[in-house]
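What the coordinates show
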Amino acid sequence: MIVLASASAARRRILEEAGVGFEVDPADIDEAALKTPAARRDPAALCLTLASAKAVEVSRRRPDHWVIGSDQILAFDGGLVTKARSMAEARARLAEMRGRDHVLWSGVALARDGAIVWSEHEPARMKMRDFSDAFLDAYLAAEGEGLLASVGCYRIEGRGAQLFAQVDGAQATIMGMPLWPLLKALRTVGALPA
């Protein structure tokens, strides 16, 4: 049995649309404790640390299952971005990112019997277009507070696609889970048919 150690609707949808059968059992980890100042300097490693911690935590409860942990870090302007807490903060963040690049680092880890058996991370390089204030206001009104669930204040699989001038990365990676390497790993360990 495959278990997703996440309550993320986007990550569930990625696996569902790929035809992977799984159960959901969200991890309960202290992400803030893992995001130390030293860890924050390496977003690629940090996304793997978080993904691995989630997979291991659930795998300890469900030792005979293949447990998938996944996480994502947004690197922008030399730092890491956290989720906006209000629509005003979301507007300010998107206005700051307008016309500029950022990188989404997505990590995924596979655990069994309380130990990581495989992990991978991928970047998605994103360039927002120089959209108008009128577009930004219309976007925020249309998306509403649901966009606060995304660290970048956008859903690339929806209206958020209109924010971008250029995207270099797989859609699943942008949504928080490097799907192609994960599917290969699941086939390699025998969790999916070869």
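I will try to describe carefully the structure that is included in this document. (Residues numbered from 1 in each chain as written. Predicted model: local features only at pLDDT ≥ 70, side-chain atom pairs only at ≥ 80, totals over all residues. Heavy atoms only, no water.)

**Regarding the nonpolar core**
The nonpolar side chains of a soluble globular protein tend to be buried with one another. Our working rule: For our purposes a nonpolar core is just a set of buried Ala, Val, Leu, Ile, Met, Phe, Trp, Tyr and Cys residues, chained together by side-chain atoms within 4.5 Å. Categorising residues by exposure relies on relative accessible area from a 1.4 Å probe, with only protein chains included: less than 20% of the type maximum marks a residue as buried, more than 50% marks it as exposed, and the intermediate range marks it as partly exposed. Under the scheme used here, helices are H or I runs from DSSP no shorter than 4 residues and strands are E runs no shorter than 2 residues, and both carry numbers assigned from the N terminus. Contact between two residues is taken to exist if any of their heavy atoms lie within 4.5 Å; hydrogens are not considered.
Formed by 46 residues in total, the largest nonpolar core has its most connected members in Leu15, Ile68, Leu94, Tyr154 and Leu163. It is helix α8 (residues 179-188) that provides the largest number of residues to this core, a total of five residues. When neighbours within four sequence positions are excluded, leucine 15 is seen to be in contact with Leu4, Val20, Phe22, Ile68, Met177, Leu179 and Leu182. Residues Ala44, Leu50, Ile73 and Leu80 belong to the second largest nonpolar core, which totals nine residues.

**Quick word on the packing of aromatic side chains**
What describes a pair of aromatic rings is the distance from one ring centre to the other and the angle between the planes of the rings. Cut-off, in case you're wondering: Stacked, edge-to-face and tilted are the three classes for Phe, Tyr and Trp ring pairs, Trp counted by its six-membered ring, which pair at centre distances within 6.5 Å; planes under 30 degrees apart are stacked, over 60 edge-to-face, the rest tilted. Here, a charge over a ring is recorded when the distance from Lys NZ or Arg CZ to the ring centre is within 6 Å and its angle to the ring normal is within 35 degrees.
Counting across every chain of the model gives three aromatic pairs. Between phenylalanine 131 and phenylalanine 135, the ring centres sit 5.8 Å apart and the planes meet at 50 degrees, which makes this aromatic pair tilted. Ring geometry for phenylalanine 135 against tyrosine 139: centres 6.3 Å apart, planes inclined by 15 degrees, an arrangement best described as stacked. Of this pair, phenylalanine 135 and tyrosine 139 both sit in helix α6 (residues 133-143), four residues apart, which is roughly one turn of that helix. Classification of tyrosine 139 by relative accessible area gives buried; the value is 2%. Clustering of aromatic rings is evident, with ring pairs tying together Phe131, Phe135 and Tyr139. Geometry around tryptophan 66 places arginine 112 over its ring, the cationic atom sitting 4.5 Å from the centre. The ring of phenylalanine 135 is capped by arginine 129, whose NZ or CZ atom sits 4.4 Å from the centre of that ring.

**Points about the environment of lysine 184**
Along the chain, lysine 184 falls in helix α8. A residue is classified by how much of its surface remains accessible, and lysine 184, at 55% relative accessible area, is exposed. In this structure the C-alpha to C-alpha distance between lysine 184 and leucine 46, which are 138 residues apart in sequence, comes to 23 Å.

**Focus on the side chain of serine 70**
Applied cut-off: We call two N or O atoms a polar contact when they sit within 3.5 Å, provided that within protein one can donate a hydrogen and the other can accept it, with sequence-adjacent residues counted only if both atoms are side-chain atoms.
Mapped onto the fold, serine 70 is located in strand β3 (residues 66-76). For serine 70, a relative accessible area of 0% corresponds to the buried category. A polar side-chain atom of serine 70 sits 3.1 Å from the main-chain carbonyl oxygen of glycine 107. Engagement of the side chain of serine 70 in a polar contact is seen with the backbone oxygen of glycine 176, the distance being 2.5 Å.

**Focus: the pairing of β3**
Formally: By the convention used here, strands pair only if DSSP detects at least 2 bridges between them.
Within β3, 11 of the 11 residues are buried, leaving the element largely enclosed by the surrounding structure. Judged by which residues are buried, β3 turns out to be covered on both faces: Trp66, Ile68, Ser70, Gln72, Leu74 and Phe76 on one side and Val67, Gly69, Asp71, Ile73 and Ala75 on the other are all buried. Judged from the three bridges that link them, strand β1 (residues 2-4) and β3 form a sheet pairing that is parallel. Residue leucine 4 lies in a different strand from β3, and its bridge partner there is isoleucine 68. Relative to strand β5 (residues 101-112), β3 is paired through nine bridges, and the arrangement is antiparallel. Across the sheet, glutamine 72 pairs through a bridge with serine 106, a residue of β5. Where β3 and strand β4 (residues 79-81) come together, three bridges link them in antiparallel fashion. Directly across from phenylalanine 76, in β4, lies its bridge partner glycine 79. Once β3 ends, the chain turns through two residues before running back antiparallel as β4, passing aspartate 77 with a positive phi of about 55 degrees.

**Description of the environment of methionine 87**
Relative to the assigned elements, methionine 87 resides in helix α5 (residues 87-97). Of the residues examined, methionine 87 reaches a relative accessible area of 23% and is grouped as partly exposed. The sequence separation of methionine 87 and leucine 50 amounts to 37 residues, and the corresponding C-alpha distance is 26 Å. Sequence-distant contacts of methionine 87, that is, excluding residues within four places in its chain, are made with Leu140, Gly144, Glu145, Leu147 and Leu148.

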